[in-house]
Every structure is written in C-alpha cells, then in structure tokens.
Amino acid sequence: MAAELIDGKKVSAEIREKLKGEIADLKSKGIEPCLSVVLVGENKASQKYVASKEKTCNALGIKSIAHKIPDTTTQAELIAVVDRLNADPAVHGILVQLPLPKGLDEKEVMNRISPSKDVDGFGPDSLGKLMLDEPGFLPCTPHGAMKMLEAYNIDPGGKHAVVVGRSIIVGKPLALLLLQKHATVTICHSRTPNLKEECLKADILCVAVGRAKMITGDMVKEGAAVIDVGINVNEEGKIVGDVDFDAAKERAAYITPVPGGAGPMTIAMLMYNTVMSAKMANNLPVDM
Ligand code: GUN
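Structural notes, computed from the coordinates.

Conventions we followed
- Residues numbered from 1 in each chain as written.
- Predicted model: local features only at pLDDT ≥ 70, side-chain atom pairs only at ≥ 80, totals over all residues.
- Heavy atoms only, no water.
- Axes fitted to C-alpha atoms, helices over the stretch in contact; angles between N-to-C directions.
- Helix = DSSP H or I, 4+ residues; strand = E, 2+ residues; numbered from the N terminus.
- Parallel < 35°, antiparallel > 145°, perpendicular 65-115°, else oblique.
- Left-handed = near helix turned anticlockwise from the far one by under 90°.
- Contact = heavy atoms within 4.5 Å.
- Polar contact = N/O pair within 3.5 Å; in protein donor to acceptor, adjacent residues only side chain to side chain.
- Buried < 20%, exposed > 50% of the residue type's maximum accessible area, 1.4 Å probe, protein only.
- Near = heavy atom within 4 Å.
- Areas by Shrake-Rupley, 256 points an atom, 1.4 Å probe, with all protein chains shown as cover.
- Nonpolar A, V, L, I, M, F, W, Y, C, P; charged D, E, K, R; others polar.
- Patch = residues over 30% accessible without salt bridge, like charges linked within 9 Å, V, L, I, M, F, W, Y side chains within 5 Å.
- Salt bridge = Lys/Arg side-chain N within 4 Å of Asp/Glu carboxyl O.
- Lys, Arg positive; Asp, Glu negative; His and termini not counted.
- Charge placed at Lys NZ, Arg CZ, Asp CG, Glu CD.
- Pairing = 2+ DSSP bridges.
- Expected span 1.5 Å × (residues − 1).

For the rest of this paragraph, the subject is the packing of helix H2 (residues 44-60) against helix H10 (residues 262-281). Where H2 contacts H10, the axes come no closer than 10 Å and their chain directions differ by 55°. By the criterion of interaxial angle, the relationship of H2 to H10 is oblique. Considering only the axes of H2 and H10, their crossing is right-handed. Judged by residue contacts, Ser52, Lys53, Thr56, Cys57 and Leu60 of H2 engage Ile267, Leu270 and Met271 from H10.

Relative to the assigned elements, glutamine 75 resides in helix H3 (residues 75-87). Within polar-contact distance, the side chain of glutamine 75 engages the backbone nitrogen of aspartate 105 at 2.8 Å. Each residue touching glutamine 75, except ones within four places of it in the same chain, is listed here: Leu104, Asp105, Glu108 and Val109.

Following leucine 98, the chain continues to proline 99 via a peptide bond in cis, the omega torsion being 0°. One non-glycine residue with positive phi stands out, namely histidine 182, at about 70°. On the secondary structure map, histidine 182 appears in the loop between helix H7 (171-180) and strand S6 (184-188).

A few words on the environment of valine 40. Mapped onto the fold, valine 40 is located in strand S2 (residues 34-40). Since its relative accessible area comes to 4%, valine 40 is described here as buried. Along the sequence, valine 40 and lysine 147 sit 107 residues apart, while their C-alpha atoms lie 30 Å from each other.

Here the focus is the site of the ligand. The immediate surroundings of the ligand are formed by Leu95, Val96, Gln97, Leu98, Asp120 and Phe122. In the environment of the ligand, a nitrogen atom lies 2.8 Å from a nitrogen or oxygen atom belonging to the backbone of valine 96. The separation between a nitrogen atom of the ligand and a polar main-chain atom of leucine 98 is 2.8 Å. Burial of the ligand by the surrounding chains reaches 82%, relative to a free accessible area of 280 Å². Residues that form the shell around the ligand fall into these classes: four nonpolar, one polar and one charged.

Attention now goes to a positive patch on the surface. A cluster of basic residues, Lys107, Arg166, Lys172 and Arg191, forms a positive patch at the surface. Position of arginine 191 among the secondary structure elements: in the loop between S6 and helix H8 (195-199).

One open sheet holds the six strands; their spatial order is S1-S11-S8-S7-S5-S6, and the pairing between them is parallel. Two strands bound the open sheet, and with one partner strand each, they are strand S1 (4-5) and S6. Bridge count between strand S8 (residues 225-228) and strand S11 (residues 254-255): two bridges; the pairing is parallel. Looking across to S11, one finds that valine 226 is bridged to isoleucine 255.

Compared with an ideal rise of 1.5 Å per residue, which puts 12 residues at 16 Å, helix H6 (residues 140-151) spans 16 Å between its outermost C-alpha atoms and is within 8% of the ideal. Most of H6 is tucked away: nine of the 12 residues are buried. Cys140, Thr141, Pro142, His143, Gly144, Ala145, Met146, Met148 and Leu149 are the residues of H6 that are buried. Residues of H6 that are buried sit in contact with helix H1 (8-28), H7, strand S7 (204-207), S8 and H10. At the C-terminal side of H6, asparagine 153 shows a positive phi close to 55°.

Moving on, we come to the pattern of salt bridges. The full count for this structure, using the stated rule, is 10 salt bridges. When the shortest N-O distance is used, the salt bridge between aspartate 25 and lysine 29 registers 3.1 Å. Judged by its relative accessible area of 47%, lysine 29 is partly exposed. One salt bridge connects lysine 196 with aspartate 218, and the closest N-O pair in it is separated by 3.4 Å. With lysine 196 in helix H8 and aspartate 218 in the loop between S7 and S8, this pair connects stretches of sequence that are 22 residues apart. Residue lysine 196 is classed as partly exposed on the basis of its relative accessible area, which comes to 39%. Residue aspartate 218 is classed as partly exposed on the basis of its relative accessible area, which comes to 37%.

So this is what it looks like as structure tokens:
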C-alpha cells in the first residue's frame with residue numbers, strides 16, 4: 001500500500017488565500033500588517049529562508065522590513081535593533097533568524113522580543129502560554145504540522161504520537177500540541193534506547209532531527225501518519241527530510257513530502273501569526 005501524500009503546498013496555499021482576504025480587510029481599516037525580519041551575517045540557508053519569508057509577505061500584502069546586518073554586529077547593537085522594533089507601533093511581528101553568528105547570545109536576543117510581537121513563538125511568554133493551554137503565538141513549524149493533520153482529518157485524540165527530536169523550535173512544542181489534542185505522546189531523542197521500537201508504536205510519527213534517513217522504512221508502523229520536519233541536503237545535493245521517504249511511504253497511510261510538506265506550512269503559519277498580531281495590536285478579535 002502506498003501512502004497518501006500530505007500536501008503541505010496545497011494546505012499552505014489555502015491558509016495563505018484565507019489570510020489574503022483578512023489582510024485586505026485590515027487594510028480597508030487602515031491597518032497594514034508588518035513583519036520585521038532580522039538577519040545577522042551571511043548564513044546561506046538563513047538568507048534563503050529570509051528571502052522566502054519576504055516573498056510570501058509581498059504576495060499576501062504584508063509589509064516586510066528586513067534588517068540585514070553584518071556578523072561583526074555586537075550583542076548590544078543587536079539588542080538595540082530589537083528594542084527599536086519593539087517600540088515601533090507599525091511593526092507587528094519581529095523575527096530574528098537563527099542561528100546567530102558565534103559570539104552572540106541567542107537566548108538574550110529572543111527573550112528581548114516583546115511578547116506581543118513574538119511571531120516565532122519562541123519566547124518564554126509564548127511557550128509558557130502553550131504549556132498552560134492558553135492562547136498565544138504558536139511556534140510556526142509545530143503549528144503547521146498540526147494544521148496538516150487537521151487538513152487530512154487525522155485526529156490525534158486517543159492515538160499514540162511519537163515525536164523524534166526535542167528542540168524548543170519543533171519537538172517540545174509539537175509534543176505539547178499533540179497532547180492538547182489528546183494524543184498519548186512519547187518524545188524520543190539522541191539518548192533514547194530502542195528508537196525503532198518506540199517509533200513502531202506511533203500512529204502519528206513526527207520527526208524533527210536534521211539527519212537524512214534517520215527514520216528507515218522498518219521504523220514506521222503500518223498505517224501510520226508520518227510528518228517529516230527535516231530539511232537536509234543529501235549526497236546528490238537534493239533536499240530531503242529525516243525519513244527515508246520511498247521506504248516509509250510503502251508502510252504509512254499518510255506522509256509529508258520534503259520539500260513540499262512542513263516547509264511551506266511553516267511560512268504560512270508565520271504569516272498567520274503576523275496577521276493575528278496586527279489584529280491584537282488594534283483590539284480586533286482573533287482566532288488563535
Ligand atoms: N531558523 C530556522 N528556522 C527558524 C525559524 O522558524 N525561526 C527563526 N527565527 N529562525 C529559524
């Protein structure tokens with residue numbers, strides 16, 4: 001049996017289309033949603049991600065202001081940029097692209113972003129709200145993964161979900177979101193013994209490790225839904241996920257492709273957070 005593809009391109013296009021309407025509505029009220037992205041240094045992957053975010057902003061009518069600053073920028077200078085954006089009422093979302101160049105303190109920078117503009121959802125206020133099941137900015141990649149499950153009517157309730165990876169950006173928040181939807185959740189990581197056995201219990205298997213073919217076909221339960229969050233470049237220079245797609249698709253019932261799965265969803269959810277932030281700043285009702 002070959003799995004049904006979870007088409008992140010299609011699901012994200014639907015979300016973007018809905019946002020376009022909401023943005024037009026905000027503009028008719030004199031509100032222009034605005035995302036400010038801060039890129040420090042010359043990391044090629046980061047440059048690509050930032051360009052992609054800018055392009056999507058432009059396509060939807062979100063104002064995009066990129067601050068591209070050199071890797072010689074000091075911690076104090078970077079904090080001053082964040083402070084300036086925090087204080088600017090025209091800016092609704094602030095995103096400092098990670099990783100930062102060596103010598104800069106990521107934690108201090110991320111914690112400096114105003115909780116009301118934390119569209120990445122990585123700050124302590126956003127993550128605390130997620131832990132408390134309170135509405136707030138959700139980290140974009142895990143939120144996108146949940147939206148893909150929802151779009152294919154895959155209800156985590158009563159299922160066994162296994163999340164491989166425990167990062168703040170994906171693994172931990174995704175585990176909480178699955179728990180919120182009443183899944184029984186196991187989080188696996190580099191020190192998990194018997195990773196294969198754990199994965200084989202997964203009705204929903206989410207992988208966010210950053211290593212090509214980390215998950216082989218024999219680690220996938222028959223009929224599972226597989227969400228692959230990895231973005232890796234293989235020996236042939238091709239972009240691949242963390243899951244051996246060709247083998248896994250023979251056992252799974254649903255699987256996300258890479259590219260075309262979690263990637264476009266992440267950007268769509270960033271746009272969603274930016275629009276939510278613009279609404280909140282103007283005391284308009286939001287659906288978070
Ligand atoms: N680097 C890789 N992914 C992300 C992301 O989602 N947000 C930020 N700020 N940096 C990243």
